[in-house]
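# Coordinate inspection notes
Residue-level listing of the chains:
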Amino acid sequence: MDHEVVGCFVLLVIITLLSVVQNAFFASKVELESKSYTSKTFQRAGPSAFERVFTANQNCRDAYPTFLAVLWCAGLLCSQAPAAFAGLIYLFVRQKYFVGYMGERTQSTPGYIFGKRIILFLFLMSVAGVLNYYLVLFFGSDFEMYIKTITSTISPLLLIP
Amino acid sequence: MDHEVVGCFVLLVIITLLSVVQNAFFASKVELESKSYTSKTFQRAGPSAFERVFTANQNCRDAYPTFLAVLWCAGLLCSQAPAAFAGLIYLFVRQKYFVGYMGERTQSTPGYIFGKRIILFLFLMSVAGVLNYYLVLFFGSDFEMYIKTITSTISPLLLIP
Amino acid sequence: MDHEVVGCFVLLVIITLLSVVQNAFFASKVELESKSYTSKTFQRAGPSAFERVFTANQNCRDAYPTFLAVLWCAGLLCSQAPAAFAGLIYLFVRQKYFVGYMGERTQSTPGYIFGKRIILFLFLMSVAGVLNYYLVLFFGSDFEMYIKTITSTISPLLLIP
């Protein structure tokens, strides 16, 4: 593809590749636990350790396409760098969620949803991008610069735990 | 990105964002049910209400990447507006499927697959787009206008239940 | 979209469409098994045949977004033809995995992960593409041709079982 076009999404590609590495890490953990387990019996519902890692992996997998969709929509329509930054923080949150789920000893587990704030941020960025597109189309007024400045300013706030 | 390029997929982005909102709705339902449940015990296999919402969510999640893939392929290669329209109807079908699955009181549940017709329509649109690309490449004859007219004409038929 | 731009990803679209057909095949198998089963009782955990096909489908679905992500990243940033070729082989491996999982009579099942080598190949292609982008940006030296030649040469090695 053209070098300039690639420049529009190269950061998003990097985040996507990092998320793939993380997925591979999660999958290897499941593989490890299931190997020590499926030798005995076949069914999914199993001992606590395997069940835990399986559920944690499942929850991460469930949210993965949604994350990729908003990441790319936000990056392509609005601003690339803040979207990639938010994606990076999401990967950290996911790592923490997965490890926290596995290491959980008490009965209370983390909920099904995680990284709500980051997904919301990426979603709002996408909406801002779509709105801006229609503003340009109908009124000819381009607020892209303002939106980019605002998102770049807000994105560090995602670091607050 | 360039304003004109964005115009090629802005409707698809809107549908994707709507599907993300729906995913968030599904996830919040699962979160709600699991919270009232995981306080007692850890395992997944649970009472009917949680099991129902969990399975409904799972089935929707399973089909989600496939839906996104055909939506974007159809929108980019063939015609954007009919693809976005079909995507919108898919979201309605999915909502109906999810609510129907949850509210089900009898033993018979809706099947694993839903929205077959819409996925098929988007798939055929993508195939038509690919075929058209190779027709242009090898024979120089562009049927894009015909395909766009046909798909725009056919797409309202998806409204028939 | 522009004809030339479409040419940059038409092979990837074909592979994606083939994977959608395969997904539909997997889903129909699950539908078939679940119909002969859910008539009796509601829960997921069931007899061996349904459990097998359900787990095989689940494992394939879990890896699907990851596969799509690396396929498209490798195809867009590096080289289209080898990426599409690797994707095609992945589909064969997935088919073999699914059929193998279903037909399994002994207690030992194939692991959770499959097609590791192909995902790794696509991942390395993406990384090479990203590195090449930054080399062009900072040093102005374009190794795209070399990378394309190398990946085209290596990709047949994926055929070795």
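Residues numbered from 1 in each chain as written. Chains lettered and ligands numbered in written order. Predicted model: local features only at pLDDT ≥ 70, side-chain atom pairs only at ≥ 80, totals over all residues.

What chain A contains, in helices and strands, is six helices and zero strands. Counting all 161 residues of chain A, 40% fall into the buried class. (Helix = DSSP H or I, 4+ residues; strand = E, 2+ residues; numbered from the N terminus. Buried ≥ 20, exposed ≤ 12 C-beta atoms within 10 Å, placed from the backbone.)

Listed per partner, the contact involves 24 residues of chain B and 24 residues of chain C. Counting residues per element, the ones that place at least two in the side of chain B that touches chain C are helix H3 (48-77) and helix H5 (116-139) of chain B. When grouped by side-chain class, the residues that make up the side of chain B that touches chain C number 15 nonpolar, seven polar and two charged. (Contact = placed C-beta atoms within 7 Å. Nonpolar A, V, L, I, M, F, W, Y, C, P; charged D, E, K, R; others polar.)

Each pair of packed helices can be described by the angle between their axes along with the distance between the axes. Residues and elements named next belong to chain A. With their axes 10 Å apart at the nearest point, helix H3 (residues 48-77) and helix H4 (residues 80-103) run at an angle of 175 degrees to one another. By the angle class used here, H3 and H4 are roughly antiparallel. Across from Arg-52, Val-53, Thr-55, Ala-56, Cys-60, Phe-67, Leu-71, Ala-74 and Gly-75 in H3, the residues of H4 making contact are Gln-80, Ala-83, Ala-84, Gly-87, Tyr-90, Arg-94, Phe-98, Tyr-101 and Met-102. (Axes fitted to C-alpha atoms, helices over the stretch in contact; angles between N-to-C directions. Parallel < 35°, antiparallel > 145°, perpendicular 65-115°, else oblique.)

What follows deals with the interface of chain A and chain C. Across the boundary between the two partners, chain A contributes 24 residues, which contact 24 residues of chain C. For the side of chain A that touches chain C, the secondary structure elements donating two or more residues are helix H1 (3-7), helix H2 (10-38) and H3 of chain A. The class makeup of the residues in the side of chain A that touches chain C is 14 nonpolar, six polar and four charged.

Okay, the relation of the copies chain A and chain C next. For these two chain copies, the linking operation is a rotation about an axis paired with a shift along it. By a simple turn and slide, chain A fits onto chain C: the slide is 0.0 Å along the axis, the RMSD is 0.0 Å, and the turn is 120 degrees. Within this description, the copies of the chain are treated as partners about a three-fold rotation axis. Rotation axis and chain A: the residue whose C-alpha lies nearest the axis is Pro-65 of chain A, separated from it by 3.7 Å. When the interface residues of chain A are mapped onto chain C, a mere 8% of them again lie at the interface, so each copy presents a different face. (Least-squares fit on C-alpha atoms with pLDDT ≥ 70 in both.)

Between the two copies, chain B and chain C, the superposition gives an RMSD of 0.0 Å; the rotation angle is 120 degrees and the shift along the axis is 0.0 Å. Little of the interface of chain B is mirrored in chain C, where only 8% of its interface residues are also at the interface.

Next up on the list: the packing of H3 of chain B against H5 of chain B. Residue and element names in this part refer to chain B. Direction vectors running N to C along H3 and H5 enclose 40 degrees, while the axes themselves pass 8 Å from each other. The pairing of H3 with H5 is recorded here as oblique in orientation. Seen from above, H3 lies across H5 with left-handed handedness. Here Thr-66, Phe-67, Val-70, Leu-71, Cys-73, Ala-74 and Leu-77 of H3 lie close against H5, whose contacting residues are Ile-119, Leu-122, Phe-123, Met-125, Ser-126, Gly-129, Val-130 and Tyr-133. When grouped by side-chain class, the residues that make up the contact of H3 with H5 number 12 nonpolar, three polar and no charged. (Left-handed = near helix turned anticlockwise from the far one by under 90°.)

So, about the confidence of the model for chain A. All names here are of chain A. Mean pLDDT over chain A: 82, with 88% of residues reaching 70 or higher. Within chain A, the lowest mean pLDDT, 80, falls on H1, and the highest, 89, falls on helix H5 (residues 116-139). Note that residues 39-46 has pLDDT below 50 and, in this model, 14 contacts with residues that lie over four places away or in other chains. (pLDDT = per-residue confidence, 0-100.)

Residue and element names in this part refer to chain A. Within the secondary structure, Ile-160 is located in the segment after helix H6 (144-154). Residue classification places Ile-160 among the exposed residues on the basis of 6 C-beta atoms within 10 Å. Taking the C-alpha atoms as reference points, Ile-160 and Leu-68, 92 residues apart in sequence, are found 22 Å from one another.

What follows deals with H3 of chain B. Each turn of an α-helix holds 3.6 residues, which means side chains three or four residues apart point in the same direction. The terminal C-alpha atoms of H3 of chain B, which comprises 30 residues, lie 43 Å apart, in line with the 44 Å expected from a rise of 1.5 Å per residue. Burial within H3 of chain B is extensive, with 23 of its 30 residues counted as buried. (Expected span 1.5 Å × (residues − 1).)

Moving on: the nonpolar core. Core analysis: the biggest nonpolar cluster contains 123 residues, and Leu-71 and Leu-122 of chain A, Leu-71 and Leu-122 of chain B together with Leu-71 and Leu-122 of chain C have the highest contact counts within it. Look past the residues within four positions of Leu-71 of chain B in its chain and what remains in contact with it is Leu-12, Ile-15, Ala-83, Gly-87 and Leu-122 of chain B. (Core = buried A, V, L, I, M, F, W, Y, C linked by C-beta atoms within 7 Å.)

It is worth spelling out the environment of Leu-18 of chain A at this point. Residue and element names in this part refer to chain A. In this fold, Leu-18 is placed in helix H2. Using a count of 14 C-beta atoms within 10 Å as the deciding quantity, one classes Leu-18 as partly exposed. Separated by 125 residues in the primary sequence, Leu-18 and Phe-143 have C-alpha atoms spaced 31 Å apart.

Residues and elements named next belong to chain B. Position of Leu-11 among the secondary structure elements: in helix H2 (residues 10-38). When the 19 C-beta atoms within 10 Å are taken as the criterion, Leu-11 is described as partly exposed. Along the primary structure Leu-11 and Gly-87 are separated by 76 residues, whereas in three dimensions their C-alpha atoms are 10.0 Å apart. Among all residues touching Leu-11, those that are not within four sequence positions of it are Gln-80, Ala-81 and Ala-84.

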